[in-house]
Every structure is written in C-alpha cells, then in structure tokens.
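# Fold and contact review
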Amino acid sequence: MTDIAQQLLQSDDPAIRVKAAVTGFGADPYSWDIMVKRAEIRSSPRVQGLLADRNEDGRLPYPAYKKWRGAHWVLAQLADVGYPAGDESLIPLREQVYDWLLSDHHRRSIRTIEGRVRRCASQEGNALYYLLALGLADHRVEELADRLVEWQWHDGGWNCDKRPEAVNSSFMETLIPMRGLAWHNKLTGSGKTMNAAARAANVFLKRRLFRRQSDGEIIEPDFVR
C-alpha cells in the first residue's frame, strides 16, 4: 500500500499528485504547496490536449455538448482534475455553455410527463458544478440551480426516462446534480440548494449506495468496482 501511495504522490501528472495528497492524505487544499502543484495542472499535457482546439476567440469549434470535445465536457474535465479557479481565458467556453443551456431550443426540449419533469439533469448539474469549481460563475448560474430544484422528483432525484411508468430517479442523472447543488450551497450558503442536495443524497443512502431497495441485491456490477 505504501508503494502505491508513493507512486501516486510522485506521478508525472500534477492532477494525480494533488488528488492523492488532498483526498488520500488529508493535505490542506489551500496550502502553499498544494496551490503550487495545482498551478502545474494548467500546463500539463492532459490539460493542453483538452484546450488544444480553441480558436482565436477562445472557443471550441464544436457544439457545447459534443462528446467529449465540446465546451461542456472540457470544462467538466478541467474541474475534475483540479484546474485552478479564476482563469478568464475559459470565459469563451463558459459562454458556449450558456448559449446552449439558456437557449429557447433547450427550454422547449423540457417535457413534463405524469407530473414529473423528464430531463437529463446531469447537464445542468455538471454545468453548475464546473462553473462554480472553476470560478466562472456569474448571476446566470442561479437559473441552473433553480431548474434543478424545480425539476427534482418526489424521491429526491431526477430522470430523463420519458416512459409514463418511470417513477424512480436515475442514479446517473442524480449524482452529478447533487454534486453541483452541494457546491452551490458550499459557496453561497443557500438553504434551497442545501435541502435539494440532501434530498438527492437520500436517493443513494436509502439504497446503501449500491443496492436495490426491493431485494438488497447489487444494482449494477460497475457500482462496486
């Protein structure tokens, strides 16, 4: 185990070094040493590859949701690897995301069936998360948070399943919005998003994270790998 820990702490990838130190060994994420390591993430090959396709305007030449090269996915990956917050060169990517999520076309795609909003809430949830984590949020981020609260199902989660008989939230569509709402509460102190995140957490807790409510069996083998 010690050998594995040392491999992580000495990785060539600064993102892995930071994550190992902070999440594995309890290092202060705001210490000088960790902040220096996080600054190295900006010039890492992984990050340079993610941002390589930006044009002169700082935008990516793809629809925002194009997997896995669009602005939505690139910003999500930057947040996940611990990219330092406050980089204004990422603002054009933020605008691509807002142009997509706040468009009339996107709003018109939202459907309510049998009293439940059927939406891939991971889209708004991921955007809420990375805009806050990367220090790119402005007043428009509140609409993303409000949507998630408004669309939340009775059991605390979200689901894009359009079958009328679908009544339970999706793990996949609930985990990411929960994270975004938790970040919003952490940075703003909003009781609204704190309550919504707690309700979402209950979707997982009442299933002991990976077991069916009905018979206690593992929901999906991937959940315990």
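The preceding data block contains the structure.
All of the points below concern the structure found in this document. Note that the coordinates shown come from a computational prediction; the quantities given were computed from them, not determined experimentally.

Thresholds applied
Residues numbered from 1 in each chain as written. Predicted model: local features only at pLDDT ≥ 70, side-chain atom pairs only at ≥ 80, totals over all residues. Heavy atoms only, no water. Salt bridge = Lys/Arg side-chain N within 4 Å of Asp/Glu carboxyl O. Helix = DSSP H or I, 4+ residues; strand = E, 2+ residues; numbered from the N terminus. Buried < 20%, exposed > 50% of the residue type's maximum accessible area, 1.4 Å probe, protein only. Patch = residues over 30% accessible without salt bridge, like charges linked within 9 Å, V, L, I, M, F, W, Y side chains within 5 Å. Areas by Shrake-Rupley, 256 points an atom, 1.4 Å probe, with all protein chains shown as cover. Phe/Tyr/Trp six-rings, centres within 6.5 Å; stacked < 30°, edge-to-face > 60°. Axes fitted to C-alpha atoms, helices over the stretch in contact; angles between N-to-C directions. Parallel < 35°, antiparallel > 145°, perpendicular 65-115°, else oblique. Left-handed = near helix turned anticlockwise from the far one by under 90°. Contact = heavy atoms within 4.5 Å. Nonpolar A, V, L, I, M, F, W, Y, C, P; charged D, E, K, R; others polar. Core = buried A, V, L, I, M, F, W, Y, C linked by side-chain atoms within 4.5 Å. Polar contact = N/O pair within 3.5 Å; in protein donor to acceptor, adjacent residues only side chain to side chain.

A few words on the pattern of salt bridges. Inspection of the entire model under this criterion finds 19 salt bridges. The partner of E40 in a salt bridge is R17, with the nearest N and O atoms 2.5 Å apart. Residue E40 is found in helix α3 (residues 32-41), and its partner R17 is found in helix α2 (residues 14-25); the two are separated by 23 residues along the sequence. Taking the relative accessible area as the measure of exposure, E40 reaches 34% and is therefore partly exposed. The salt bridge involving K192 is made with D146; its shortest N-O contact spans 2.4 Å. In this pair, K192 is assigned in helix α11 (residues 191-205) and D146 in helix α9 (residues 141-151), connecting sequence segments 46 residues apart. Each of the salt bridges in this network shares a partner with another, and the network as a whole consists of D104, R107, R119, E124, E143 and R147.

On the surface, I4, L8 and I16 cluster together into a nonpolar patch covering about 230 Å² of accessible area. The topology assignment puts L8 in helix α1 (residues 2-9).

Moving on, we come to the environment of A182. On the secondary structure map, A182 appears in helix α10 (residues 171-188). With 15 residues separating them in the primary sequence, A182 and A197 have C-alpha atoms 5.7 Å apart.

Another aspect to go through is the packing of aromatic side chains. In total, this model carries 6 aromatic pairs according to the counting rule given. With 6.1 Å between their ring centres and 65° between their planes, Y129 and W183 make a pair best called edge-to-face. Of this pair, Y129 sits in helix α8 (residues 122-133) while W183 sits in helix α10; the two residues are 54 residues apart in sequence, bridging distant segments of the chain. Judged by relative accessible area, Y129 falls into the buried class, the value being 5%. With a centroid separation of 4.7 Å and an interplanar angle of 55°, the aromatic rings of F171 and F204 are classed as tilted. Note that F171 is positioned in helix α10 and F204 in helix α11, a separation of 33 residues in sequence. Of the two residues examined, F171 and F204, each falls in the buried class.

One way to put it is that α10 packs onto α11 with a least axis distance of 8 Å and a crossing angle of 150°. As judged from the angle between their axes, α10 and α11 are roughly antiparallel. Here α10 and α11 pass one another in a crossing that is left-handed. Contacts from F171, T174, L175, M178, L181, A182, H184 and N185 in α10 reach T193, M194, A196, A197, A200, A201, V203 and F204 in α11. Tallied by class, the residues present in the contact of α10 with α11 amount to 12 nonpolar, 4 polar and no charged.

In this structure, L75, L78, L90, Y130 and L134 are the most contacted members of the largest nonpolar core, which totals 51 residues. For Y130, the residues in contact, after removing those within four places along its chain, are H72, L75, A76, A79 and V97.

On the secondary structure map, Q213 appears in the segment after α11. Assessed through its relative accessible area of 49%, Q213 is described here as partly exposed. A distance of 3.2 Å separates polar atoms of two side chains, one belonging to Q213 and the other to R207.

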